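Report on the structure
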Amino acid sequence: MYLTPQHILLAGASGLTGEHLLDRLLNEPTVTRVLAPSRRPLAEHPHLENPVGDPSILLPQLSGRVDLAFCCLGTTLKQAGSEQAFRAVDLDLVVAFSKRAREMGARHLIVISAIGADPKSSVFYNRVKGEMEQALQAQDWPQLTIVRPSLLLGERLETRLAEKLVGPLSRLIPGKYRGIEVCELARAMWRLALEEQDGVRIVESDELRKLGK
């Protein structure tokens, strides 16, 4: 069974995946409103509402009913500057956004996590992603879709040396560990948004690539 969401809440629209997803949403004929709070202004569009500012201040001010929420929030340890600052974005802000989306009427949340997410992992990054997944499941969403992409492939405004070096090799790795193009991820997330399926669904990177073709 398929839905046709009209009012969408999107977090992380200024990021690599968020930009591709926003472009897709604004070109979907069924979508009449995209509410995308961000730290910096986005390109103008008649169907886009773009409050700009500190997310902690913006979230309580968001208004209007939404059908669906996408969360593309995420940073890196290098960008964040510390483990505490990383957790503030990839855990605390994601959980706060998701709670606000539910309050605004969204029944389906699609969130980007990461391959290897595990709250018991010895790897800090994977552990935080796992804790985030746990926290969202505790919010008791009618429909929660967690996507776990591997290395994201695409042009960023800032250069990430590790991704630049590993990216070409990641295209050759078989299975779910192969890198995924952000345009494929955005297409996959929109297709998942159209599926009505109660409960929690975790989608690994190999399945995302198939959905995003």
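The structure reproduced in this document is the subject of the present report. It should be emphasised that the depicted structure is a prediction, and the values quoted were computed from it without experimental measurement.

1. Details of unusual backbone geometry
The phi dihedral of aspartate 140 is positive, around 60 degrees, even though this residue is not glycine. Position of aspartate 140 among the secondary structure elements: in the loop between helix H5 (124–138) and strand S6 (143–148). Here aspartate 140 falls in the exposed class, since its relative accessible area comes to 62%.

2. Side note on the pairing of strand S1 (residues 7–11)
The buried fraction of S1 amounts to 4 of the 5 residues, a majority that puts the element mostly inside the structure. As defined by bridge partners, S1 adjoins strand S2 (residues 33–35) across 3 bridges and the pair is classed as parallel. Opposite histidine 7, over in S2, you have arginine 33 as the bridge partner. The parallel pair S1 and S2 is bridged by helix H1 (residues 16–26), and the resulting crossover is right-handed. By the bridge criterion, 4 bridges tie S1 to strand S4 (residues 68–71) in an arrangement that is parallel. In the sheet register, isoleucine 8 faces S4, and the bridge partner there is leucine 68.

3. A word on the side chain of arginine 148
Within the fold, arginine 148 resides in strand S6. A polar side-chain atom of arginine 148 sits 2.7 Å from a polar atom in the side chain of glutamate 133.

4. Re the packing of aromatic side chains
In total, this model carries 2 aromatic pairs according to the counting rule given. Aromatic side chains phenylalanine 86 and phenylalanine 124 sit 5.6 Å apart centroid to centroid with 55 degrees between the ring planes, which places their arrangement in the tilted category. In this pair, phenylalanine 86 sits in helix H4 (residues 83–103) while phenylalanine 124 sits in helix H5, placing the two residues 38 residues apart along the sequence. In terms of burial, phenylalanine 86 and phenylalanine 124 fall into one category: buried. When the ring of phenylalanine 86 is compared with that of tyrosine 125, the centres are 5.6 Å apart and the planes differ by 45 degrees; the resulting orientation is tilted.

5. Description of the pattern of salt bridges
Scanning the entire structure with this criterion turns up 13 salt bridges. Two residues, arginine 40 and glutamate 19, come together in a salt bridge whose shortest N-O distance is 3.5 Å. With arginine 40 in the loop between S2 and strand S3 (48–49) and glutamate 19 in helix H1, this residue pair connects regions lying 21 residues apart in the sequence. The partner of lysine 129 in a salt bridge is aspartate 90, with the nearest N and O atoms 2.7 Å apart. Remark: aspartate 90 occurs in helix H4 and lysine 129 occurs in helix H5; sequence separation between them is 39 residues. The pair formed by lysine 129 and aspartate 90 is uniform in burial state, with each residue classed as buried.

6. Re the sheet that holds strand S5 (residues 108–112)
The 7 strands are arranged S3-S2-S1-S4-S5-S6-S9 in an open sheet whose pairing can be described as parallel. Two strands lie at the open edges of the sheet, namely S3 and strand S9 (199–204), each paired on one side alone. Each of S1, S4, S5, S6 and S9 is contacted by helix H7 (residues 182–193), which is oriented at about 160 degrees to S5, the strand it contacts most.

7. Considerations on the environment of aspartate 206
One can find aspartate 206 in helix H8 (residues 205–211). For aspartate 206, a relative accessible area of 29% puts it in the partly exposed group. For aspartate 206 and arginine 148, which are 58 residues apart along the polypeptide, the C-alpha to C-alpha distance reads 9.4 Å.

Here is what the cut-offs are and how they apply
- Residues numbered from 1 in each chain as written.
- Predicted model: local features only at pLDDT ≥ 70, side-chain atom pairs only at ≥ 80, totals over all residues.
- Heavy atoms only, no water.
- Helix = DSSP H or I, 4+ residues; strand = E, 2+ residues; numbered from the N terminus.
- Buried < 20%, exposed > 50% of the residue type's maximum accessible area, 1.4 Å probe, protein only.
- Pairing = 2+ DSSP bridges.
- Right-handed = clockwise from strand over helix to strand, strands pointing away.
- Polar contact = N/O pair within 3.5 Å; in protein donor to acceptor, adjacent residues only side chain to side chain.
- Phe/Tyr/Trp six-rings, centres within 6.5 Å; stacked < 30°, edge-to-face > 60°.
- Salt bridge = Lys/Arg side-chain N within 4 Å of Asp/Glu carboxyl O.
- Contact = heavy atoms within 4.5 Å.
- Axes fitted to C-alpha atoms, helices over the stretch in contact; angles between N-to-C directions.

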